[in-house]
Amino acid sequence: MRLAPFRGLRYVPERVGSLSAVTSPPYDVVVRPDGLHHLESADPYNIVRLILPQAATAAERHRQAARTLGRWLTEGVLAPDPEPALYVYEQRKGDLLQRGVIGALALSPPEDGIVLPHEDVMAEVVADRAALMRTTSANLEPLLLTYRGEDGADHAADALLTHRPAHDTAAGSASPAGGPPVSGGSGTNAVIERTVRRPPLLATTTEDGFGHRLWSVTDPGDLADITCDLADHQALIADGHHRWATYLRLRGEHSATGPWAYGLVLLVDTARYPLQVRAIHRLLRALPVDRALAAVDGAFRVRTVAGPLPTALEALTEAAATGNAFLLAGDGGFHLLDRPDDGLLSRTVPAGPPAAWRQLDATVLHSTLLDHIWRIPDDPDHIAYIHDAEAVVTQAERHGGTAVLMHPVREEVVRELARQGVTMPRKSTSFGPKPATGLVLRSLTQG
């Protein structure tokens, strides 16, 4: 991997109400429309106006985002840092600690084996994100990539440090240092440990309770240490497959050596800072629960399980320990589907991929349930992908659809399939914590 410094675009704290009020989750995590309206009302300069602009047509949405970005730069709401840098980024909540490095990663196709995707993508989403990046000439939010460092196992206890809350601060402001003891040596983790002893460029706590801190790394020796360390590693895309596909598409449209040959990413060493892996749930917009259940009768074992939602999810976890299982909701109750018919699976699941892929819940959901039994097209008019379990149940109940709640895949399964070049069904996993959008942006025209 090659991670290059860049001049980050950052909010000027004096021009906004608070740093937390202008941030957002990644574009595909925002639950529309409720989450979108909440973010838009939080601050007139919230980043959601760039990543999810609102207008009558797609083309006008993209132009509106470009105009907004240009206006914020002119008004001094956003400003480029004075020199190129890599950025150390920290997230904390309770005992959870995650640190990584944000930079411009040299783009490479999957066959090079440098950056490994593990999920399929939707062409229409890639086209929309490409048009937005092309029109704004900016990477508006970092992808989340993971790699396995050499020394991470010796520092696993670092992820259990006592939480120290951060408040909105700008460069030069006092902020608790926190972090593991400083160690000597070189490499990315050593640079991170040295860097977090300094006051951060910014610190804020967002509405979800996560504290965020950001530092710039400009010292030539530190940059060289990171470059040397990462050169022998490969990365797994944890979050951002559509944006990675967008980066590759735009690289093909421009020079292979210019700014479009790089994309904004956050790299996290999961040997040192293990990520959480959660499921992404499905909302079947036009399929009522009673019809969904009637169609699977005889193909799966169907049981009504007790609520509330956390109790029902425990039943899903127990069932998923021994095979494919899904939790359906939307009619006020919870219905557990498990023990699919073996003959049905052999007829509907493709036989070519590895057994680990054929046994994935997402594979069975798409191949057996969506394609064969329910016959629902995988497009935005029929299926919404929602990260939050409570949100998907609420929307199903509100609109008369069916929520399909999933059990998460283990990270080692994801990584091993990616190494084999096997992609999982789209939206199979949700790695986190995800980087907050709005802390640092990358312009493709500002150097």
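Values in this document were obtained by computation on a predicted structure and should not be read as measured data.

**What about the environment of Tyr89?**
By secondary structure assignment, the location of Tyr89 is in strand β4 (residues 86-93). Between the C-alpha atoms of Tyr89 and Leu439, which are 350 residues apart in sequence, the distance is 9.5 Å. What Tyr89 contacts, discounting residues up to four positions off in sequence, is Gln98, Arg99, Gly100, Ile102, His212, Arg213, Leu214, Leu266, Pro435, Ala436 and Leu439. A polar contact is formed between the side chain of Tyr89 and the side chain of His212, at a distance of 2.7 Å.

**Brief notes about the confidence of the model for the protein**
Residues with a pLDDT of 70 or more make up 89% of the protein, whose mean pLDDT is 87. Low pLDDT, under 50, characterises residues 152-167; the predicted model gives this stretch 37 contacts beyond four residues in sequence or across chains.

**Quick look at helix α8 (residues 289-296)**
Those residues of α8 that fall on the buried side of the exposure criterion are Val289, Ala292, Leu293 and Val296. Along the axis of α8, the buried positions cluster into a sector of 95 degrees, meaning they face one direction only. Exposed and oriented more than 90 degrees from the buried face of α8 are Asp290, Arg291 and Ala294. Directly beyond the C-terminal end of α8, a positive phi value near 90 degrees is found at Gly298.

**Some remarks on the nonpolar core**
Ranked by size, the top nonpolar core spans 114 residues in total, and within it Tyr11, Ile102, Leu145, Leu267, Phe300, Phe326 and Trp374 carry the most contacts. The element best represented in this core is helix α12 (residues 361-373), accounting for six residues. In contact with Tyr11, other than residues within four places in its own chain, are Val16, Leu19, Val22, Tyr45, Asn46, Ile47, Trp72, Val77, Leu78 and Gly438. Counting residues in each nonpolar core, the second largest holds 22 residues, with Leu309, Ala319, Ala325 and Leu327 among its members.

**Structural notes on the pattern of salt bridges**
Under the counting rule described, the total for this entry stands at 16 salt bridges. The closest approach of N and O atoms between Arg63 and Glu60, which form a salt bridge, is 3.3 Å. With Arg63 and Glu60 both in helix α3 (residues 58-75) and three residues apart, the pair spans about one turn of that helix. Looking at Glu60, the relative accessible area reads 24%, which means it is partly exposed. Across the pair Glu193 and Arg272 runs a salt bridge whose closest N-O atoms are separated by 2.2 Å. Pair noted here: Glu193 is in helix α5 (residues 188-195) and Arg272 is in the loop between β12 (262-269) and β13 (276-278), with a separation of 79 residues, a long-range link.

**A closer look at the pairing of β4**
Burial analysis of β4 places seven of its eight residues in the buried class, the great majority of the element. Pairing of β4 with strand β10 (residues 211-217) involves seven bridges; the strand directions are antiparallel. Following the sheet pairing, Tyr87 is matched in β10 by Ser216. Of the strand pairs in this sheet, β4 and strand β5 (residues 96-106) are connected by seven bridges, and their pairing is antiparallel. Among the inter-strand pairings, Val88 is bridged to a residue of β5, identified as Val101. Between β4 and β5, which pair antiparallel in sequence order, lie two residues; one of them, Gly94, sits at a positive phi of approximately 60 degrees.

**Structural notes on the packing of α3 against helix α4 (residues 123-136)**
As a packed pair, α3 and α4 sit with axes 8 Å apart at the nearest point and diverge in direction by 35 degrees. Judged by the twist between their axes, the crossing of α3 over α4 is right-handed. Only Asp128, Ala131, Leu132, Thr135 and Thr136 of α4 make contact with α3, whose side of the interface consists of Arg61, His62, Arg63, Ala65, Ala66 and Leu69. Class assignment of the residues belonging to the contact of α3 with α4 gives a composition of five nonpolar, three polar and three charged.

**Observations concerning the packing of α4 against helix α7 (residues 241-253)**
Two elements in contact, α4 and α7, have axes separated by 9 Å at closest approach and are oriented at 60 degrees. Taken together, the axis directions place α4 and α7 in an arrangement best described as oblique. Relative to α7, the crossing made by α4 is right-handed. For the pair formed by α4 and α7, the contact residues are Val125, Val126, Ala127, Arg129, Ala130, Met133 and Arg134 on the first element and His242, Arg243, Ala245, Thr246, Tyr247, Arg249, Leu250 and Glu253 on the second. A breakdown of the residues in the contact of α4 with α7 according to their chemical character gives eight nonpolar, two polar and five charged.

Parameters and conventions
Residues numbered from 1 in each chain as written. Predicted model: local features only at pLDDT ≥ 70, side-chain atom pairs only at ≥ 80, totals over all residues. Heavy atoms only, no water. Helix = DSSP H or I, 4+ residues; strand = E, 2+ residues; numbered from the N terminus. Contact = heavy atoms within 4.5 Å. Polar contact = N/O pair within 3.5 Å; in protein donor to acceptor, adjacent residues only side chain to side chain. pLDDT = per-residue confidence, 0-100. Buried < 20%, exposed > 50% of the residue type's maximum accessible area, 1.4 Å probe, protein only. Arc of directions from axis to C-beta. Core = buried A, V, L, I, M, F, W, Y, C linked by side-chain atoms within 4.5 Å. Salt bridge = Lys/Arg side-chain N within 4 Å of Asp/Glu carboxyl O. Pairing = 2+ DSSP bridges. Axes fitted to C-alpha atoms, helices over the stretch in contact; angles between N-to-C directions. Left-handed = near helix turned anticlockwise from the far one by under 90°. Nonpolar A, V, L, I, M, F, W, Y, C, P; charged D, E, K, R; others polar. Parallel < 35°, antiparallel > 145°, perpendicular 65-115°, else oblique.

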